[in-house]
Amino acid sequence: MNETLSQNDVDALVENLAGVREAIGRTVVGQHDVIEQLLVVLLASGHGLIEGVPGLAKTLLVRTLAQALDLDFQRIQFTPDLMPGDVLGSDVLKIDADGQRRLEFQRGPVFTNLLLADEINRTPARTQAALLECMQERTVTYAGRSQALAAPFVVLATQNPVEQTGTYALPEAQLDRFLLHIAIDYPSEKEERDVLLRTTGARGPKVESVMTGDDVIRVQALVRDVVISDALLDGVNALIRSTRPGDTANDDINACVQWGAGPRASQALVLCAKARALLHGRYAVTRADLAALALPALRHRLVLTFEADAREQNVRDLVLPLIEQHLRAEPT
């Protein structure tokens, strides 16, 4: 493992991760897979795209995650009139005591640890693109000057799959920057009843900080030390290549997929699987880790054809058989 930490330090950090999940669970009812995938994105030093209908506690979930990790949190409500400067910051005219005027860069909300880009598909491409450098390079360039963003830095963006009026689809290049596409579904009947009890009664429990930003950075460094076997790497490689039309004998893929997943999908799946293994207290990736994250890693990376619409096929229907073929989960 990481040379700068003792085994006891590593074990303590991994144990604290379980405490983070418990802290979030005291505020957010259910959504266990979603919470796990958000933590995986964070530990893998990436970004996540969250999709779900309104009212499923997306904002509460992200805010609670920031509180449990003692991270600086900012939220941007993306709208059609939002400008890049509203995200990155802009120069502001300042007048010194001696009357001299100067321009001073006023930092925007992107200068934070955990950024919630709410309804990112409601803003035009120019403003969406303002996040690209931040997500990829962890820097902001304005007026020819570059400034580094804080570490850790994670973008969690949300979009509404139902209401499409006044929305701007994210380009494939930006979608590919998200490690996982996390789908939030309705709660179960029991979970929904628990939500009613918690949100209509006395004030809910306070979220306690379990880890710090420095702890997150240490765990992020540990993730890359998690071991994955050659056989599992071969399985990931085979899975990703099987999503590409022309590279597979799968008739459904050849007919329904215009563009398959690229190498960044393989990297995302392996890194996220390593993060999930560490989250479960293991230092080696299993097939179960890969199988659990393969669909979120691929959901936003396949471009379907008109034939897929005619056949009423979606990415989930196309990918699940491939996951079963190449990354069959180990028996529990």
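Predicted model only: the values in this text are computed from it and were never measured.

(A) Molecular detail of the overall build of the protein. In terms of helices and strands, the protein carries 14 helices and eleven strands. Once the C-alpha set of the protein is aligned to its principal axes, its extents read approximately 75 × 50 × 50 Å. Counting the 332 residues in the protein, one finds 46% classified as buried. Partitioning the contacts of the protein with sequence separation of at least 6, the portion at a separation of at least 24 is 77%. Accessible surface for the protein amounts to roughly 16500 Å². Of this, 48% is attributable to carbon and sulfur atoms. Computed over 33 positive and 44 negative side-chain charges, the inter-centroid distance for the protein is 3 Å.

(B) Expanded view of the pattern of salt bridges. Counted by the stated rule, this structure contains twelve salt bridges. The closest approach of N and O atoms between Lys-190 and Asp-194, which form a salt bridge, is 3.2 Å. In this pair, Lys-190 and Asp-194 are both assigned in helix 7 (residues 189-200), four residues apart and thus about one turn of the helix distant. Taking relative accessible area as the criterion, Lys-190 reaches 61% and is therefore assigned exposed. Notably, a salt bridge pairs Glu-307 with Arg-311, separated by 3.0 Å at the nearest N-O pair. Remark: Arg-311 and Glu-307 occur in helix 13 (residues 306-311); sequence separation between them is four residues, near one turn of the helix. The exposure class assigned to Arg-311 is partly exposed, which follows from its relative accessible area of 37%.

(C) Structural detail: helix 8 (residues 213-223). Listed in full, the buried residues belonging to helix 8 are Gly-213, Asp-215, Val-216, Val-219, Gln-220, Leu-222 and Val-223. An end-on view of helix 8 places all buried positions within 165 degrees of arc, on one side of the element. Looking at the buried residues of helix 8, the elements they touch are helix 1 (7-25), helix 2 (32-43) and helix 11 (263-279).

(D) View of the packing of helix 1 against helix 2. Where helix 1 contacts helix 2, the two axes come as close as 11 Å, and the packing angle between them is 135 degrees. When the axis of helix 1 is compared with that of helix 2, the two are oblique. For helix 1 against helix 2, the interelement crossing comes out right-handed. Of helix 2, the residues touching helix 1 (which contributes Leu-17, Val-20, Arg-21 and Ile-24) are His-32, Ile-35, Glu-36, Leu-39 and Leu-43. For the contact of helix 1 with helix 2, the class distribution of residues is six nonpolar, one polar and two charged.

(E) Broad picture of helix 3 (residues 58-68). Listed as buried for helix 3 are Lys-58, Leu-61, Val-62, Thr-64, Leu-65, Ala-66 and Ala-68. On the buried face of helix 3, the contacting elements are helix 1, helix 2, strand 1 (48-51), strand 2 (73-77), strand 5 (114-118) and strand 8 (154-159). In the stretch just after helix 3, Asp-70 is the one whose phi turns positive, near 55 degrees.

(F) Spatial organisation of the environment of Gly-46. Position of Gly-46 among the secondary structure elements: in the loop between helix 2 and strand 1. Of the residues examined, Gly-46 reaches a relative accessible area of 5% and is grouped as buried. In this view, Gly-46 contacts Val-41, Arg-138, Val-154 and Leu-179; residues no more than four positions away in its chain are not counted.

(G) Broad picture of the sheet that holds strand 9 (residues 180-183). Ordered by their spatial adjacency, five strands build an open sheet running 2-5-8-1-9, and the pairing between neighbours is parallel. The open sheet terminates on both sides in strands that have one partner only, identified here as strand 2 and strand 9. For this sheet the average axis-to-axis angle between neighbouring strands, irrespective of direction, equals 20 degrees.

(H) Structural context of the nonpolar core. In terms of nonpolar packing, the biggest core is built from 78 residues, with Leu-156, Leu-180 and Leu-269 touching the most fellow members. It is helix 11 that provides the largest number of residues to this core, a total of eleven residues. Residues in contact with Leu-269, not counting those within four places in the same chain, are Val-236, Leu-239, Leu-290, Leu-293, Ala-294, Ala-297 and Leu-327. In this structure, Val-87, Ala-117, Ile-120 and Phe-178 belong to the second largest nonpolar core, which totals 24 residues.

Quick notes on the rules
Residues numbered from 1 in each chain as written. Predicted model: local features only at pLDDT ≥ 70, side-chain atom pairs only at ≥ 80, totals over all residues. Heavy atoms only, no water. Helix = DSSP H or I, 4+ residues; strand = E, 2+ residues; numbered from the N terminus. Buried < 20%, exposed > 50% of the residue type's maximum accessible area, 1.4 Å probe, protein only. Contact = heavy atoms within 4.5 Å. Areas by Shrake-Rupley, 256 points an atom, 1.4 Å probe, with all protein chains shown as cover. Lys, Arg positive; Asp, Glu negative; His and termini not counted. Charge placed at Lys NZ, Arg CZ, Asp CG, Glu CD. Salt bridge = Lys/Arg side-chain N within 4 Å of Asp/Glu carboxyl O. Arc of directions from axis to C-beta. Axes fitted to C-alpha atoms, helices over the stretch in contact; angles between N-to-C directions. Parallel < 35°, antiparallel > 145°, perpendicular 65-115°, else oblique. Left-handed = near helix turned anticlockwise from the far one by under 90°. Nonpolar A, V, L, I, M, F, W, Y, C, P; charged D, E, K, R; others polar. Pairing = 2+ DSSP bridges. Core = buried A, V, L, I, M, F, W, Y, C linked by side-chain atoms within 4.5 Å.

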